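Geometric and topological summary
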Amino acid sequence: MIQFDLHVHTFFSLCGIHTVMELIHHAHSLGMKGFAVTDHGLTLGGRLNSPFFERFKSPVKDVNVLKGVECNVLDENGTIDKPKLLMPFIDIVLLGIHPNSTSGKTVENYTDMLIRAIEKNPCVDIITHPNDPVYPVDYESLAQAAKKAGVAIELNNSKILYNRSSIESTTALVEACKRAGCLMAVNSDTHAIHELGLDDSVRPILQSVGFKEEMIVNRTEKSALEFVDSRVERKR
Ligand SMILES: [Zn+2]
Ligand SMILES: [Zn+2]
């Protein structure tokens with residue numbers, strides 16, 4: 001179980017099916033310490049609900065809710081769809097390649113997209129699911145760029161749970177992160193409520209590689225909040 005899940009969607013993403021309140025109550029019932037709401041950047045459809053960012057305070061004191069976004073890389077220059085007007089309220093920025101990007105490009109193209117996006121956008125904290133086989137990435141180069149920028153690479157439980165990435169490729173990703181000495185985040189990428197806090201599909205991969213727990217930014221609530229706090233100035 002992930003104590004502090006840094007990648008969770010509500011129904012404001014077109015692919016999510018729950019309200020923030022449903023997720024909070026479920027997190028509470030699981031004994032989780034908190035999670036980040038990270039709905040998609042607006043080029044993927046859906047909404048970002050401005051009252052959530054500007055007014056919302058978690059009503060359940062034992063569950064800490066962070067405000068985030070999962071941005072999309074838009075081109076090879078590293079442009080991302082960060083929501084400029086909401087940035088003053090945002091705690092954490094995730095970044096990934098999604099179906100609004102062209103498929104069928106080369107490994108070099110997708111790797112360059114992500115590395116340029118990291119370099120051009122200091123607000124980015126976590127690169128999500130680089131093990132998506134539709135958008136293949138050179139893990140060594142990405143892990144080195146992430147290490148340099150203090151960005152964490154995500155180990156995404158849903159990609160393994162639903163067989164959307166292979167164990168072999170995901171193991172290679174974790175090995176590259178270990179070699180580069182870069183941080184990782186273990187996240188559920190929840191769209192349906194039963195996925196919240198799950199990490200049991202990826203735990204065996206971490207163990208087989210011998211990835212150090214202390215390099216996982218959200219290993220505890222304290223470490224998750226320290227990671228977020230250490231980078232919040234980059235959003236402003
Ligand atoms: Zn994603
Ligand atoms: Zn996501």
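Located above this text is the structure these notes cover.
With that settled, the discussion passes to the overall build of the protein. Assigned secondary structure in the protein consists of 8 helices and 7 strands. Here the protein has a C-alpha radius of gyration of 16 Å; the compact-globule value for 236 residues is 18 Å, and the two agree. Viewed in the frame of its principal axes, the protein has a C-alpha envelope of about 45 × 35 × 30 Å. Looking at the 236 residues of the protein, the share that counts as buried comes to 44%. Within the protein, contacts between residues at least 6 apart in sequence are counted, and of these 80% link residues at least 24 apart.

Looking now at helix H3 (residues 107–120). In a regular helix each residue adds 1.5 Å, so 14 residues correspond to 20 Å; H3 covers 20 Å between its end C-alpha atoms and thus fits that length. Listing the buried residues of H3 in full gives Tyr110, Thr111, Met113, Leu114, Ile115, Ala117 and Ile118. Against the buried residues of H3 lie strand S4 (92–96), strand S5 (126–127) and helix H4 (139–149).

Our next topic: the sheet that holds S4. Taken in spatial order, the 7 strands line up as S1-S2-S3-S4-S5-S6-S7 in an open sheet, and their pairing is parallel. Only two strands of the sheet have a single partner each, and these edge strands are strand S1 (4–8) and strand S7 (184–187). Summarising the sheet, strand S6 (residues 152–156) and S7 pair through 4 bridges and their orientation is parallel. Bridge pairing in S7 places Ile153 opposite Met184.

Right, let's talk about the nonpolar core for a bit. Of all hydrophobic cores here, the largest spans 66 residues; its most connected members are Leu114, Leu142 and Ala146. Of the residues forming this core, the biggest block, 6 residues, is contributed by H3. Once residues within four sequence positions are removed from consideration, Leu142 is found in contact with Thr111, Leu114, Ile115, Ile127, Pro130, Val137 and Ile153.

What follows deals with the packing of H3 against H4. Two packed helices can be described by the angle between their axes and the distance between those axes. At a closest axis distance of 10 Å, the pairing of H3 and H4 adopts a crossing angle of 0°. The pairing of H3 with H4 is recorded here as roughly parallel in orientation. On H4, the residues touching Thr111, Leu114, Ile115 and Ile118 of H3 are Ser141, Leu142, Ala145, Ala146 and Ala149. In terms of residue class, the contact of H3 with H4 is built from 7 nonpolar, 2 polar and no charged.

Below, the discussion takes up the environment of Pro204. Mapped onto the fold, Pro204 is located in helix H7 (residues 203–209). Each C-alpha atom of the pair Pro204 and Ile167 lies 9.7 Å from the other, and the pair is 37 residues apart in sequence.

A word on the pairing of strand S2 (residues 34–40). The buried count for S2 comes to 7 of 7 residues, which makes it a mostly enclosed element. The sheet contact formed by S1 and S2 spans 3 bridges and is parallel. Across the sheet, the residue bridging to Phe4 is Gly34, located in S2. Between the parallel elements S1 and S2, the chain passes through helix H1 (residues 20–30) in a crossover that is right-handed. Across 7 bridges, the pairing between S2 and strand S3 (residues 64–72) is parallel. Opposite Val37, over in S3, you have Lys67 as the bridge partner. On the question of chirality, the crossover connecting S2 to the parallel S3 by way of helix H2 (residues 50–55) is right-handed.

What follows covers unusual backbone geometry. Positive phi, close to 30°, is recorded for His129, a residue that is not glycine. Structurally, His129 can be placed in the loop between S5 and H4. Despite not being glycine, Asn163 has its phi angle at roughly 55°, a positive value. Position of Asn163 relative to the elements: it lies in the loop between helix H5 (157–161) and helix H6 (167–180).

Taking 1.5 Å per residue, 14 residues should reach 20 Å; H6 reaches 20 Å between its end C-alpha atoms and fits that length. Where H6 is concerned, the buried positions are Thr170, Leu173, Val174, Ala176 and Cys177. All buried residues of H6 fall inside an arc of 155° around its axis, so they share one side. Summarising the contacts, the buried residues of H6 are in contact with H4, S6, H5, S7 and H7. Gly181 lies just past H6 and shows a positive phi near 75°.

Conventions we followed
- Residues numbered from 1 in each chain as written.
- Chains lettered and ligands numbered in written order.
- Predicted model: local features only at pLDDT ≥ 70, side-chain atom pairs only at ≥ 80, totals over all residues.
- Helix = DSSP H or I, 4+ residues; strand = E, 2+ residues; numbered from the N terminus.
- Rg over C-alpha atoms; globule rule 2.2 N^0.38 Å.
- Buried ≥ 20, exposed ≤ 12 C-beta atoms within 10 Å, placed from the backbone.
- Contact = placed C-beta atoms within 7 Å.
- Expected span 1.5 Å × (residues − 1).
- Pairing = 2+ DSSP bridges.
- Core = buried A, V, L, I, M, F, W, Y, C linked by C-beta atoms within 7 Å.
- Axes fitted to C-alpha atoms, helices over the stretch in contact; angles between N-to-C directions.
- Parallel < 35°, antiparallel > 145°, perpendicular 65-115°, else oblique.
- Nonpolar A, V, L, I, M, F, W, Y, C, P; charged D, E, K, R; others polar.
- Right-handed = clockwise from strand over helix to strand, strands pointing away.
- Arc of directions from axis to C-beta.

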